[in-house]
Amino acid sequence: MGYYVLSYVCMAMFVLASVRLVYRQWTLPLHVRWEIYPVRHETTARVAYGGSYMEEINWWSRKRESSLVNELKYMVPEILFLRGLWKANRGLWLASFPFHFGLYLMIATFGGLTLHAALSLWGAPVSAGGGLLRSLLDGFVVAAGWLGLVLGSLGGLALMTKRLLDREWRDYSSPADFFNLGFVLAFFLSALAAALVVDPWFTGAKGFVCGLLAGGDAPPRTALGALTIVLGSLLVAWIPLTHMSHMFMKYFLYHQVKWDEAPNRRGGRIEAAVRKNLDLKPTWQAAHVRADGCTSWKDIASSTPGETK
């Protein structure tokens, strides 16, 4: 029963911490938009040359046209295959891509296990002998599970080796970076060992996830299975408490920082947010800014610069 309680608590922590992150993001002061083009939700004609709807005369008075398809055509390869890293640093991509794709496949595997458990509890023929649905679901769980464990383990080992042996990487890696990577790697290796030694068809994993949905109390049958459950549960709770939450918080980076080109209309939401920002009193240490914590941004921005070059 203790393993199930641990999993419930860790999943609840994941939800609460994620909600807190999203709430904090929504309530942060308005961010200055990055002037980066092309904005991928523009129409196909403008994306082709990096244009913007702001090129139109009186653009603020026209109806905006955007394309979800164009956005997905950019975001899906970026998220699944790390296309930006492939272009910028091919050597790092060789280690980072299998690590991240292994994590994605682990999420997909858990989704397959959950669907399998739900259908079994619902009484669908997925748990009975034979049947196309059972064959497809079993095949998906085994294929995604094995591929994810192998890719994640290899990618994690490659990233850890690079951080340890590459001096430049080591200098830029904090103790937290090593701990987080080591934590994920420990989960991958324990789960891979469990699959190799005791659960090659993920039968034990199906039983545990079924117990999660049904409030079961049967303990894991092996020590490797128990270790995988403990590490996996703790990792789920740990991710939103660290920078690893970028896997889902990246949405806000793109949509509220890089691509937020919503017009600032008189009397609108953005104007109110800008006015609120101008009343903030920054405390930067740079003397030339004169941000002493007593002077507002509005006064700083409208005053004569104290230092010229």
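Residues numbered from 1 in each chain as written. Predicted model: local features only at pLDDT ≥ 70, side-chain atom pairs only at ≥ 80, totals over all residues. Heavy atoms only, no water.

1. Brief notes about the overall build of the protein chain
Thinking step 1. On a plain count of helices and strands, the protein chain comes out with 13 helices and zero strands.
Thinking step 2. Reading the protein chain from its N terminus to its C terminus gives the helix and strand order α-α-α-α-α-α-α-α-α-α-α-α-α.
Thinking step 3. The globule rule puts the C-alpha radius of gyration for 309 residues at 19 Å, and the 25 Å found for the protein chain is more than 25% above it.
Thinking step 4. Dimensions of the protein chain, computed from C-alpha atoms along their principal axes, come out at roughly 75 × 45 × 40 Å.
Thinking step 5. A burial count over the protein chain gives 37% of its 309 residues as buried.
Thinking step 6. A separation threshold of at least 6 residues defines the contact pool for the protein chain, and within that pool the share at least 24 residues apart is 65%.
Thinking step 7. In the protein chain, 30 side chains carry a positive charge and 21 a negative one; their mean positions are 2 Å apart. (Helix = DSSP H or I, 4+ residues; strand = E, 2+ residues; numbered from the N terminus. Rg over C-alpha atoms; globule rule 2.2 N^0.38 Å. Buried < 20%, exposed > 50% of the residue type's maximum accessible area, 1.4 Å probe, protein only. Contact = heavy atoms within 4.5 Å. Lys, Arg positive; Asp, Glu negative; His and termini not counted. Charge placed at Lys NZ, Arg CZ, Asp CG, Glu CD.)

2. Describing the layout of surface pockets
Thinking step 1. Here the largest pocket defines a volume of roughly 1300 Å³.
Thinking step 2. As for the largest pocket, its lining consists of 42 residues, of which Phe110, Leu113, Phe187, Thr228 and Gly232 are closest to the centre.
Thinking step 3. The element contributing the most residues to the lining of the largest pocket is helix α10 (residues 223-238), with seven residues.
Thinking step 4. Taken as a whole, the second largest pocket holds about 740 Å³ of empty space. (1 Å grid on protein atoms, 1.4 Å probe; cavity = no way out; pocket = protein on both sides within 12 Å on 5 of 7 lines; lining within 4 Å. Points joined across faces, edges and corners; volume = space filled by probe spheres on them.)

3. Topic: the nonpolar core
The tendency in soluble globular proteins is for nonpolar side chains to be buried as a group.
Thinking step 1. Grouped together as the largest cluster of nonpolar side chains are 27 residues, with contacts concentrated most on Phe99, Leu149, Leu159, Val184, Phe187, Phe188 and Leu235.
Thinking step 2. Secondary-structure elements contributing two or more residues to this core are α5 (90-122), α6 (132-165), α8 (175-197) and α10.
Thinking step 3. A per-element tally of this core places α8 first, with nine residues.
Thinking step 4. Here leucine 149 is in contact with Met106, Phe188, Ala191, Leu192, Ala195 and Phe202, once residues within four sequence places are set aside.
Thinking step 5. Within the second largest apolar cluster, six residues are counted, among which are Leu82, Trp93, Phe101 and Ala144. (Core = buried A, V, L, I, M, F, W, Y, C linked by side-chain atoms within 4.5 Å.)

4. A word on unusual backbone geometry
Thinking step 1. The residue leucine 82 is not glycine, and still its phi comes out positive at about 50 degrees.
Thinking step 2. One can find leucine 82 in the loop between α3 (68-81) and α4 (83-88).
Thinking step 3. Classification of leucine 82 as buried rests on a relative accessible area of 9%.
Thinking step 4. Despite not being glycine, phenylalanine 202 has its phi angle at roughly 60 degrees, a positive value.
Thinking step 5. On the secondary structure map, phenylalanine 202 appears in the loop between α8 and α9 (203-214).

5. Describing the environment of alanine 48
Thinking step 1. Tracing the backbone through its elements, the reader meets alanine 48 in the loop between α2 (44-47) and α3.
Thinking step 2. Along the primary structure alanine 48 and alanine 194 are separated by 146 residues, whereas in three dimensions their C-alpha atoms are 49 Å apart.

6. Here's the deal with α10
Thinking step 1. Between its first and last C-alpha, α10 extends 22 Å over 16 residues, near the 22 Å set by a 1.5 Å rise per residue.
Thinking step 2. For α10, the set of buried residues is Gly225, Ala226, Thr228, Ile229, Leu231, Gly232, Ser233, Leu235 and Ala237.
Thinking step 3. Contact partners of the buried residues in α10: α1 (2-27), α8 and α9. (Expected span 1.5 Å × (residues − 1).)

7. Re the pattern of salt bridges
Opposite charge on two side chains permits pairing when their charged atoms draw close.
Thinking step 1. For the structure shown, the criterion picks out seven salt bridges.
Thinking step 2. Across the pair arginine 46 and glutamate 42 runs a salt bridge, and its minimum N-O distance is 3.8 Å. No difference in accessibility class separates arginine 46 from glutamate 42, as the two residues are buried.
Thinking step 3. Its salt-bridge partner being arginine 64, residue glutamate 261 comes within 3.8 Å of it at the nearest N-O pair. Residue glutamate 261 is found in the loop between α11 (246-258) and α12 (269-278), and its partner arginine 64 is found in the loop between α2 and α3; the two are separated by 197 residues along the sequence.
Thinking step 4. Among the charged side chains, a salt-bridge network with shared partners connects Glu42, Arg46 and Glu56. (Salt bridge = Lys/Arg side-chain N within 4 Å of Asp/Glu carboxyl O.)

8. Looking at the packing of α1 against α11
Thinking step 1. With their axes 11 Å apart at the nearest point, α1 and α11 run at an angle of 10 degrees to one another. Taken together, the axes of α1 and α11 are roughly parallel relative to one another. Note that α1 runs across α11; the crossing there is right-handed. Within the contact between the two elements, α1 uses Phe14, Ser18, Leu21, Val22, Gln25 and Trp26 and α11 uses Phe248, Met249, Phe252 and Gln256.
Thinking step 2. Grouping the amino acids of the contact of α1 with α11 by side-chain chemistry returns seven nonpolar, three polar and no charged. (Axes fitted to C-alpha atoms, helices over the stretch in contact; angles between N-to-C directions. Parallel < 35°, antiparallel > 145°, perpendicular 65-115°, else oblique. Left-handed = near helix turned anticlockwise from the far one by under 90°. Nonpolar A, V, L, I, M, F, W, Y, C, P; charged D, E, K, R; others polar.)

9. A few points about a nonpolar patch on the surface
Thinking step 1. Where nonpolar side chains cluster on the molecular surface, the patch consists of Met1, Val5, Val9, Met13, Phe179, Trp238 and Leu241 and spans about 640 Å² of accessible area.
Thinking step 2. Tallying contributions element by element places α1 first for the nonpolar patch, with three residues.
Thinking step 3. Inspection of the secondary structure puts valine 5 in helix α1. (Patch = residues over 30% accessible without salt bridge, like charges linked within 9 Å, V, L, I, M, F, W, Y side chains within 5 Å. Areas by Shrake-Rupley, 256 points an atom, 1.4 Å probe, with all protein chains shown as cover.)

10. Regarding the side chain of asparagine 70
Thinking step 1. With respect to the element layout, asparagine 70 can be found in helix α3.
Thinking step 2. Residue asparagine 70 is classed as buried on the basis of its relative accessible area of 8%.
Thinking step 3. At 3.2 Å, the side chain of asparagine 70 and the side chain of threonine 44 are in polar contact.
Thinking step 4. Asparagine 70 has contacts with Arg40, Glu42, Thr43, Thr44 and Val47, leaving out every residue within four places of it along the chain. (Polar contact = N/O pair within 3.5 Å; in protein donor to acceptor, adjacent residues only side chain to side chain.)

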